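Architecture at a glance
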Amino acid sequence: MIDPELIRTEPAAVEANLGRRRRPEYLDLLRAVQRADAEWRALVRVADDLRRRRNELARQIAEARATGGPAPALADEAKALPERLREIEAGEAAARTARDAALRRLPNLLDESVPYGRDDSENVVVATWGTPGPARPDLRAHAELLERLGMADFDRAHRVSGAGFYYLFGDFVLLDLALQRFALDLLVERGFTPVAPPYLLRRAPYEGVTDLADFENVMYRVAEEDLYLIATSEHPLAALYGGEILEEEDLPIRLAGVSPCFRREIGGHGVDQKGIFRTHQFQKVEQFAYVPPEASPAMLEELRANAEEVFRRLGIPYRVVNVCTGDMGTVAAKKYDIEAWFPRQQAYREVVSCSNCTDYQARRLGIRLGKAGRPGKRVPHTLNSTAVATSRGLAVILEQYQEPDGTVTVPAVLRPYLGGKERLRPTGRRP
RNA sequence: GCUGAGGUAGCCUAGCCCGGCAAGGCGCCAGCCUUGAAAGCUGGUGGGGUUUCCCCACGGGAGUUCAAAUCUCCCCCUCAGCGCCA
């Protein structure tokens, strides 16, 4: 949520910033916020005056009763007042509701450094690491490779759960856990606290962390319950301190969430239709940070460096893009994507998303920064970044480390987590 | 799921029966005192506004009333016991 105070004091700057998104409905929403806010503020004054008078009269009547009988003139005025106040209060509530509804639908303000662009094709490459190999037409699609290894069953998963689900078996399950544990250990080394969060959230806190469209398109809702399956552990980690006051000396807070992620909408078909690249369910190790406002740009680079380190140690070439205006979501003010090189596809594909959400989530969640019981609260900034998602992280390993004989070399950094195993081989047995 | 107890400021609590300016403690901030610190003492300690002042804030909402933390109704949440259960 954008700071309403900023909309009052710097309307032109807010309008210019929202304008960069080239979505006229946002400017309409801004005007709706301004209109409702002005109306609300005017009515608050009228209502305050009426309440002051009501309190005066109540006091006088109480005093009069203590000494003698109530003065009739006072009683008449006192009787007439509540109805008028009720009318004003109704208008005040309506204006406030209208303002807040529009305010909550406005996206975050974009950082100055976000490049202008229409869609993801205009994201700007800011770094590359490693050298993409030559085309490898011999490589198998990762889904086919897994089936041949006897380490995944997609057809049966589709039968019992639908497209987008999968069974994994044997050493590949251990590789999944190894990849998570490797990323987690890296983060612990760098001062993060591992967190196993709840996998379902209530609607109210959930509305603080994401935008309404996600409830329609992305999240699974549990029937008969006010609960939603998390789409990423970012969500419970952001909601963790909702309504609380964080103290300066506790920041920065660095959390490493480990959880499954559930998503209804998983995008396109084609080359990825079968397999573990686009799925309704996957595991993710997520970085999350709470920082004072002035520290968020540096923290964004820190999270990005951690995510890059995961892929460097895995030996997987990648590039980093600065996501452009047309590809930005609602919540982030600035976002890097890390795109890993998939040698069979001869393409960079997104494996990490690293966002500075500034004060947008924290304000919606009612998180404040300051001393409990003292005035002068600020709103902290929140940031999040994938460390590794073990759908796509595994998929890229399967392409990068695939051998001509259909086996898969285990990346050296993962071997300690697999009892030193160097290679995934076909089991030759059911499943 | 059943029964009961609760939700008051950053935290803990009183007030609720019987309606009349939300009391107290802890923590925190400042001052006094002190070589320094602690203790002690004094004052302050939420949000908003047109800032000597006013309004709001007792889980949320509606109602009764001149006046609601307090009375009535609806809803939410937490805890405990029981039930069920990996």
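With that settled, consider the protein's contact with RNA strand B. The full set close to RNA strand B counts 20 residues, and Asp 48, Arg 65, Lys 79, Arg 202 and Gly 373 are the nearest of them. The sugar-phosphate share of atoms of RNA strand B within 4 Å of the protein amounts to 71%. Arg 51 places a side-chain nitrogen or oxygen 3.4 Å from a sugar or linking oxygen of RNA strand B. Residue Asn 55 places a side-chain N or O atom 3.1 Å away from a phosphate oxygen belonging to RNA strand B. Looking at the surface near RNA strand B, the elements that each hand over two or more residues are α3 (24–67) and α4 (72–105). Residues that form the surface near RNA strand B fall into these classes: eight nonpolar, two polar and ten charged.

In this section: the environment of Leu 200. Within the secondary structure, Leu 200 sits in strand β5 (residues 200–201). The residues touching Leu 200, leaving out its near neighbours within four places in the chain, are Val 222, Leu 227, Tyr 228, Leu 229 and Ile 230.

Below, the discussion takes up the domain arrangement of chain A. Once the domains are mapped, chain A shows domain 1 (4–105) and domain 2 (120–424). When each unit is reduced to the centre of its C-alpha atoms, the spacing between domain 1 and domain 2 is 43 Å. Counting residues at the interface gives five residues for domain 1, matched by eleven residues for domain 2. A buried area of about 600 Å², summed over both sides, lies between domain 1 and domain 2, and 38% of it is on carbon and sulfur atoms. Looking at the side of domain 1 facing domain 2, the largest losses of area belong to Arg 20, Arg 21 and Arg 104, adding up to 77% of the total buried there. Remark: the boundary between domain 1 and domain 2 carries three residue pairs in polar contact (both at pLDDT 80 or more). Tallied by class, residues from the side of domain 1 that touches domain 2 come to one nonpolar, no polar and four charged.

Turning our eyes to something else, we now look at the pattern of salt bridges. According to the stated counting rule, one finds 36 salt bridges in the structure shown. Glu 189 is the salt-bridge partner of Arg 313, the closest N and O atoms lying 3.4 Å from each other. Placement of the pair is Arg 313 in helix α11 (residues 296–314) and Glu 189 in helix α7 (residues 170–189), with a sequence separation of 124 residues. For Lys 371, the salt bridge goes to Glu 247, with nearest N and O atoms at 3.1 Å. Of this pair, Lys 371 sits in the loop between β14 (368–369) and β15 (381–389) while Glu 247 sits in the loop between β8 (245–246) and β9 (253–262), and the two are 124 residues apart along the sequence. By relative accessible area, Lys 371 is classed as partly exposed at 41%. By sharing partners, the salt bridges in this structure join Glu 5, Arg 8, Asp 37, Arg 99 and Asp 100 into a single network.

Here we come to the pairing of β9. With eight of its ten residues buried, β9 lies for the most part within the structure. In this structure, strand β4 (residues 193–195) lies alongside β9, joined through three bridges in parallel fashion. Paired with Pro 194 across the strands is Ala 256, a residue of β9. Note: β9 against strand β10 (residues 281–291), ten bridges, orientation antiparallel.

Our focus in this paragraph is the side chain of Glu 339. In this fold, Glu 339 is placed in strand β12 (residues 334–342). Only 2.7 Å separates the side chain of Glu 339 from the side chain of Arg 319, close enough to count as a polar contact. If sequence neighbours within four positions are ignored, Glu 339 has contacts with Pro 317, Tyr 318, Arg 319, Val 321, Tyr 348, Arg 349, Glu 350 and Val 351.

Now for the nonpolar core. Counting residues in hydrophobic clusters, the biggest one holds 59 residues, and the most contacted among them are Phe 172, Ile 276, Phe 311 and Leu 314. Counting residues per element, this core draws most heavily on α7, which supplies nine residues. For Ile 276, the contacting residues outside a window of four places in its chain are His 142, Leu 146, Phe 154, Tyr 166, Leu 168, Phe 172, Ser 391, Arg 392, Leu 394 and Ala 395. Grouped together as the second largest cluster of nonpolar side chains are 24 residues, Phe 215, Val 218, Ala 238 and Tyr 290 included.

So, about the packing of aromatic side chains. The tally for this structure, following the rule as stated, stands at nine aromatic pairs. Taking the centre distance of 6.3 Å and the plane angle of 80° together, the rings of Tyr 206 and Tyr 228 count as edge-to-face. Taken together, the residues Tyr 206 in helix α8 (residues 203–209) and Tyr 228 in strand β7 (residues 227–229) connect sequence positions 22 residues apart. Across this residue pair, the class does not change: Tyr 206 and Tyr 228 are buried. The interplanar angle of 65° and the centroid separation of 5.0 Å between the aromatic rings of Trp 341 and Tyr 348 together place this pair among those described as edge-to-face. The same class applies to Trp 341 as to Tyr 348, namely buried. Taken together through their ring pairs, the aromatic side chains of Tyr 206, Phe 215 and Tyr 228 make up a single cluster. Over the aromatic face of Trp 40 sits the side chain of Arg 99, whose NZ or CZ is 4.5 Å from the ring centroid. Directly above the ring of Phe 215 sits Arg 203, whose terminal nitrogen or CZ lies 4.0 Å from the centroid.

What counts and what doesn't
Here, residues in each chain are numbered from 1, in the same order as that chain's written sequence. The naming scheme follows written order: chains are lettered A onward, ligands numbered 1 onward. Given that this is a predicted model, residues contribute local features only at a pLDDT of at least 70 and side-chain atom pairs are listed and counted only at 80 or more, while totals for whole chains, interfaces and linings are drawn from all residues. The side-chain figures draw on all heavy atoms in the structure; neither hydrogens nor water molecules are used. Note on definitions. A residue lies near a molecule or strand when any single heavy atom of the residue is within 4 Å of it. Definition of a polar contact: a pair of N or O atoms within 3.5 Å, with one able to donate and the other able to accept a hydrogen when the atoms are protein atoms, and with sequence-neighbouring residues admitted only if both atoms are side-chain atoms. By the criteria applied, helices consist of DSSP H or I runs no shorter than four residues and strands consist of E runs no shorter than two, each listed in order from the N terminus. Side-chain classes are defined by residue name, with Ala, Val, Leu, Ile, Met, Phe, Trp, Tyr, Cys and Pro counting as nonpolar, Asp, Glu, Lys and Arg as charged, and the others, Gly among them, as polar. Residue contacts follow a heavy-atom distance rule, with two residues in contact if any of their heavy atoms lie within 4.5 Å. By convention here, the domain bounds are inherited from an automatic or database domain assignment. Summed over both partners, buried area is the accessible surface (1.4 Å probe) that two parts give up on being assembled. Whenever Lys or Arg places a side-chain nitrogen within 4 Å of a carboxyl oxygen from Asp or Glu, that contact is recorded as a salt bridge. The buried label goes to any residue with under 20% of its type's maximum accessible area, the exposed label to any with over 50%, and the partly exposed label to all in between, with areas taken from a 1.4 Å probe on protein chains only. Following DSSP output, two strands are said to pair if at least two bridges run between them. By nonpolar core is meant a set of buried Ala, Val, Leu, Ile, Met, Phe, Trp, Tyr and Cys residues that side-chain atoms within 4.5 Å join together. In this analysis, rings of Phe, Tyr and Trp, with Trp reduced to its six-membered ring, are considered paired at centre separations within 6.5 Å, and the interplanar angle assigns stacked below 30 degrees, edge-to-face beyond 60, and tilted for intermediate values. Each ring is checked for a lysine NZ or an arginine CZ that lies within 6 Å of its centre and within 35 degrees of its normal; such an atom marks a charge sitting over the ring.

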